[in-house]
Amino acid sequence: MPSEINPLLSFKVNDLRSEYLNLIESDFQPKLWSNVEETETECIITIVIPTKGCSWALSESGGCSVCGYVNDSSRNQPIPSNRILDRIEQLLTRNCQKKSIILKIFNSGSFFDEEDVPQNLRLRIVKLLKENERIRKLAVESRPQYILNNFNVIEQLKNQIDPIFLEIGIGLESSNNAILRDCLNKGFFVEDYEKSVQKLLSSGIRIKTYIFIKPPFLTELEAINDAIKTAQDAFRIGTDVISLNPCNVQNGTLIHHLYRKDSYQPPWLWSILFIVKSIRSLYPNLDIICEPSAAGKHRGVHNCGKCDETVLNLIQKVIKNEIISEKYSEICSCFTRWKFLVESPIEVLRLRKLSKLRNLTPLNE
Ligand code: SF4
Ligand SMILES: [Zn+2]
């Protein structure tokens, strides 16, 4: 067993994943998901292609403890390549005429994993992109191992699509090796990420790094500190942009199992605001993205329900370097409860059901 894996954690993650995939097997229908967003000058097209599925998640390792994307991949019912290509072509030709296009092709796994995205499909996508002069940037994602092992494929792709700019997203999640191994079951260490980044930088490829907030088994405060430290490490190592991703509890994962037992709660929006403010003050000019999925929902990042929208707006303002008022307790009384949570010793937190904490009467009021 490689040292990047904690066998006990991996066994449990795999057990829960297999059980859930078996449960949904019979009425599963793979779908192509897409989204088009228009700005004044650009058209951002995102397509999620349901390929076979992330090899890491489908392996005996069970995959990452917080990721349920494999639930939507096609696994044993592959969607024909022609359907995927037709859909990409439709999206490219029918949208935002005359504007330049940023095309994001995500396969909920690694674009350079031959098991998941066969070479033939990748080459046909490249051919399609070359026929469209409006595409300015292509964004895909990959685990570090495919960047390190298939780097010639990446360089080929970059040259083939030139002058389209290539961006590769890497899910580092945390720069702490103990968290990567014992909480997230990522199957790699920060050193693998660092080597991948160096390779990509040497080829002029743009790098986006995903940071996960908050891994299982961490307190709210530990998760805040880990996200800030990870952002610092990722920028030091050379990423161009960081994407902060607060947890959205997905079915079939270890984090879902813990959530159902009230042993895990997604982070507070106050925590994200604090993280974003800290990172922004360190790096006023670097690219930060935070577009949480399921924000405000119980399974996603949330506050008390009354102030969620307001705090989400504050987060975006901080990202854009706008000045915001810091009288947080005037925005909502739940700020005091959040403060209590992050300042409490772990022993106090153990005595309380985590899900109740967001609705407790604030101690200082
Ligand atoms: S986070 Fe990425 S590598 Fe991990 S299981 Fe999900 S798709 Fe696979
Ligand atoms: Zn509130």
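Preceding block: the structure.
Here's a quick rundown of the structure. This structure is a prediction, so every number in the text was calculated from the model and none was measured. (Residues numbered from 1 in each chain as written. Chains lettered and ligands numbered in written order. Predicted model: local features only at pLDDT ≥ 70, side-chain atom pairs only at ≥ 80, totals over all residues.)

## Section: the sheet that holds strand β7 (residues 241-246)
Link 1 in the chain: The eight strands are arranged β1-β2-β3-β4-β5-β6-β7-β8 in an open sheet whose pairing can be described as mixed. Each edge of the sheet is formed by a strand with only one pairing partner; in this case those strands are β1 (33-38) and β8 (287-289). For this sheet the average axis-to-axis angle between neighbouring strands, irrespective of direction, equals 20 degrees.
Link 2 in the chain: Bridge analysis of β1 against strand β2 (residues 42-48) gives six bridges, and the strand direction is antiparallel. Residue pairing for β2: Ser 34 is matched across the bridge by Ile 47. (Pairing = 2+ DSSP bridges. Helix = DSSP H or I, 4+ residues; strand = E, 2+ residues; numbered from the N terminus. Axes fitted to C-alpha atoms, helices over the stretch in contact; angles between N-to-C directions.)

## Brief notes about the pairing of strand β4 (residues 135-141)
Link 1 in the chain: Alignment of strand β3 (residues 100-106) against β4, held across four bridges, turns out to be parallel. Within β4, the position partnered with Ile 101 by the bridge is Ile 135.
Link 2 in the chain: Where the polypeptide runs from β3 across helix α4 (residues 119-130) and back to β4, its parallel neighbour, the crossover connection is right-handed.
Link 3 in the chain: Both β4 and strand β5 (residues 165-173) contribute to a ladder of five bridges, which runs parallel. Within the sheet, the bridge partner assigned to Glu 141 lies in β5 and is Gly 169. (Right-handed = clockwise from strand over helix to strand, strands pointing away.)

## Considerations on the packing of α4 against helix α6 (residues 151-161)
Link 1 in the chain: Two elements in contact, α4 and α6, have axes whose closest approach is 9 Å; the angle formed by their N-to-C orientations is 25 degrees. Classified by the angle between their axes, α4 and α6 sit roughly parallel to one another. When the axes of α4 and α6 are compared, the crossing they make is right-handed. Counted together, Val 126, Leu 129 and Lys 130 of α4 and Leu 157, Gln 160 and Ile 161 of α6 form the full contact between these two elements.
Link 2 in the chain: Partitioned by chemical class, the residues of the contact of α4 with α6 number four nonpolar, one polar and one charged. (Parallel < 35°, antiparallel > 145°, perpendicular 65-115°, else oblique. Left-handed = near helix turned anticlockwise from the far one by under 90°. Contact = placed C-beta atoms within 7 Å. Nonpolar A, V, L, I, M, F, W, Y, C, P; charged D, E, K, R; others polar.)

## Things to note about the pairing of β5
Link 1 in the chain: In terms of burial, β5 is largely enclosed, as seven of its nine residues are buried.
Link 2 in the chain: Sheet topology places β5 next to strand β6 (residues 206-213); six bridges connect them, and they run parallel. Paired with Ile 170 across the bridge in β6 is Thr 209. (Buried ≥ 20, exposed ≤ 12 C-beta atoms within 10 Å, placed from the backbone.)

## A few points about the site of ligand 1
Link 1 in the chain: With respect to spatial proximity, the complete set of residues near ligand 1 consists of Cys 54, Trp 56, Ala 57, Gly 63, Cys 64, Cys 67, Tyr 69, Ser 108, Gly 109, Arg 143 and Gly 171.
Link 2 in the chain: Tallied by class, the residues present in the shell around ligand 1 amount to six nonpolar, four polar and one charged. (Near = placed C-beta within 6 Å.)

## Examining the environment of Asn 150
Link 1 in the chain: Assignment of secondary structure puts Asn 150 in the loop between α5 (144-149) and α6.
Link 2 in the chain: Note on Asn 150: 18 C-beta atoms within 10 Å, which makes it partly exposed.
Link 3 in the chain: Sequence separation between Asn 150 and Lys 306 is 156 residues; the distance between their C-alpha atoms is 48 Å.

## Observations concerning the nonpolar core
Link 1 in the chain: Ile 213, Leu 244, Ile 272, Leu 273, Ile 275, Val 276 and Ile 315 are the most contacted members of the largest nonpolar core, which totals 89 residues.
Link 2 in the chain: Broken down by element, the residue count for this core peaks at eight residues, all from helix α11 (residues 269-282). (Core = buried A, V, L, I, M, F, W, Y, C linked by C-beta atoms within 7 Å.)

## With respect to the packing of α11 against helix α12 (residues 308-319)
Link 1 in the chain: Look at α11 against α12: their axes get within 9 Å of each other, and the N-to-C directions meet at 10 degrees. Regarding the angle of α11 to α12, the classification is roughly parallel. The segment α11 lies against α12, with Leu 269, Trp 270, Ile 272, Leu 273, Val 276, Lys 277 and Arg 280 engaging Asp 308, Val 311, Leu 312, Leu 314, Ile 315, Val 318 and Ile 319.
Link 2 in the chain: Residue composition of the contact of α11 with α12, by class: eleven nonpolar, no polar and three charged.

## Description of unusual backbone geometry
Link 1 in the chain: Omega for the peptide link from Asp 162 to Pro 163 comes to 10 degrees, which places this bond in the cis form.
Link 2 in the chain: Here Pro 163 is to be found in the loop between α6 and β5.
Link 3 in the chain: Following Ile 213, the chain continues to Lys 214 via a peptide bond in cis, the omega torsion being 10 degrees.
Link 4 in the chain: If you trace the backbone, Lys 214 turns up in the loop between β6 and α9 (220-237).
Link 5 in the chain: Residue Glu 173 is not a glycine yet carries a positive backbone phi of 70 degrees.
Link 6 in the chain: Tracing the chain through its elements places Glu 173 in strand β5.
Link 7 in the chain: Taking the number of C-beta atoms within 10 Å as the measure of exposure, Glu 173 has 25 and is therefore buried.
Link 8 in the chain: We note that Phe 217 has phi near 75 degrees; this positive angle belongs to a residue other than glycine.
Link 9 in the chain: Tracing the backbone shows Phe 217 in the loop between β6 and α9.
Link 10 in the chain: You can call Phe 217 partly exposed: it has 18 C-beta atoms within 10 Å.

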